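Residues per chain, in single letters:
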Amino acid sequence: MGFEDKRVVIVGGGLGGMAFLNAALYAGLKNVQLYEQAAKFGEVGAGVNITSNANRILDAFGLQESMTRKSSGKLPCYMEYHNYKTGGYIGHIGEFSQPHARLLHRAHLLDSLKERVPESSLKLGKHLASIDRNTATGAAPYTLHFQDGSTAEADIVIGCDGIKSNVRREMGLGDDPNYSGQVVYRGFVDYKDLPTETAALLRKTVNFRGPKRHLLILPIGNQETGTDRAAVIGFMSEPLEAWDSESWMSRSDIDSLQEHVRDWCPEVQHIIAGLRKGSGDGKMLKQALYVRDPIDKWYEIKSEQKDAGIILLGDSAHSTLPHQGQGTCMAIESGIALATVLRHWKTDDLEAAFKFYQDLRKPRTDRVTRTSYEAGKLASSDSPSQMSDNFNPDALRERMRWIMEYNVLEDLKTKGQGYLDFQGSRL
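Residues numbered from 1 in each chain as written. Predicted model: local features only at pLDDT ≥ 70, side-chain atom pairs only at ≥ 80, totals over all residues. Heavy atoms only, no water.

Draft legend 1. Representation of the domain arrangement of the chain in the model. Per the domain assignment, the segments making up the chain are domain 1 (8-73 + 101-176 + 293-416) and domain 2 (178-291). Between the C-alpha centres of domain 1 and domain 2 the distance comes to 27 Å. Tallying the contact residues gives 33 residues for domain 1 and 32 residues for domain 2. Together domain 1 and domain 2 conceal approximately 2,500 Å² of surface at their shared face, both sides included; 62% is due to carbon and sulfur atoms. Taken together, the links from domain 1 to domain 2 amount to 0 salt bridges. In this structure, the connection of domain 1 to domain 2 is made through 6 residue pairs in polar contact (both at pLDDT 80 or more). Elements that contribute at least two residues to the side of domain 1 that touches domain 2 include exactly strand E3 (47-50), helix H3 (64-69), strand E6 (102-105) and helix H11 (350-379). Of the residues assigned to the side of domain 1 that touches domain 2, the class counts are 12 nonpolar, 15 polar and 6 charged. (Domains from an automatic or database assignment. Contact = heavy atoms within 4.5 Å. Buried area = accessible area lost by both parts, 1.4 Å probe. Salt bridge = Lys/Arg side-chain N within 4 Å of Asp/Glu carboxyl O. Polar contact = N/O pair within 3.5 Å; in protein donor to acceptor, adjacent residues only side chain to side chain. Helix = DSSP H or I, 4+ residues; strand = E, 2+ residues; numbered from the N terminus. Nonpolar A, V, L, I, M, F, W, Y, C, P; charged D, E, K, R; others polar.)

Following this line, the structure appears as structure tokens:
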């Protein structure tokens, strides 16, 4: 039976929303519309690391060729650690899961996610103002009102609108996010703006691990398409009182990052100089890192109507710090899980379907939220110059193995027995 003919409205057209739309089309949901508040699609930030657990899903959608065209090729290792003072090699984590991680600009990933989506499914310039829960006979269960005065009707609303989610607010979830104690500086360096030896080093994923801070370099893109750059991601401890922007994301002087790393190794100074060469105004992106505590329930069901409801997906439900590179990956996993459940559920009981989906996903996303916080503490250590029992290649690889070797498609097939009708499924 399922809900394949229901009017599904996605709120939010970032990576999570677009991943769910791809999943919905792949699963066979027939009436899906996405509403994005921006006037045009675009992603700010630096590079993104899509690991094997998410790449399996994107490959199933048919996006492998599109992604690899503008992503890094096979890298020598998953992560290499260097001393922040001397630049010397400390250790590395080998790549251990298939398909290999793909490093690319967030905007290039969004381009890939748009490739197979009909333009008719996308509505831009739609900033959600409110959601009406209709009671009139014959009316749609939900009417979404947007700031431009337009409306949309829905049977099922999917909130993919991030950690500051308006859908979450409309569900009465008014909890405040928690400041992590760190900010992240983001920018790019062209390899031509680096000394030859430093450029060669930064063709790998490199982490300069300092005291309560670390500088991560992602070698995004590739030389064949001219998309190769070093994505600079600097995690720095700063008090919230020092934040002088009304937004969580702002532009900051490169000088601010340099103050944190002024006495670090020559390679890091080369990175700072490269940032300056590539910046027209001497600034780079700076973001305060917030995360929400896990919530008990991700959904609501329309009163007296068992086949209509609202549910959260991605950062609106299970936000996480970026220290394991899993924010987007978790949204991709959750997207295919929810779309499959909606398409292949055996009854018309949406609450049972939502509960199954949450029970499938929540233990994993809660654990990712917890371990990402722990990973940030390990990466920005009080003793950054040495390995330890819980910070060494073997321990770090094991910390990531359960994430990267998980296959949500197989988990759905196993746990969905008795609940999902797999006839006609592409799983």
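Draft legend 2. Local environment of unusual backbone geometry. The step from Gln98 to Pro99 runs through a cis peptide bond, and the omega angle for that step is -10°. Of note in this structure, Lys212 is not a glycine but carries a positive phi near 55°. Its location among the elements puts Lys212 in the loop between strand E13 (206-210) and strand E14 (213-220). Positive phi outside glycine occurs at Glu304, with the angle close to 60°.

Draft legend 3. Spotlight on empty space enclosed by the protein. Within the structure shown, the criterion is met by 2 cavities of 30 Å³ or more. The calculated volume of the largest cavity comes to roughly 50 Å³. Lining the largest cavity are Tyr26, Ala27, Thr340, His344, Gly424, Ser425, Arg426 and Leu427. Going through the elements one at a time, helix H1 (15-27) and helix H10 (327-344) are the ones with two or more residues in the lining of the largest cavity. Among the residues forming the lining of the largest cavity, the class breakdown is 3 nonpolar, 4 polar and 1 charged. (1 Å grid on protein atoms, 1.4 Å probe; cavity = no way out; pocket = protein on both sides within 12 Å on 5 of 7 lines; lining within 4 Å. Points joined across faces, edges and corners; volume = space filled by probe spheres on them.)

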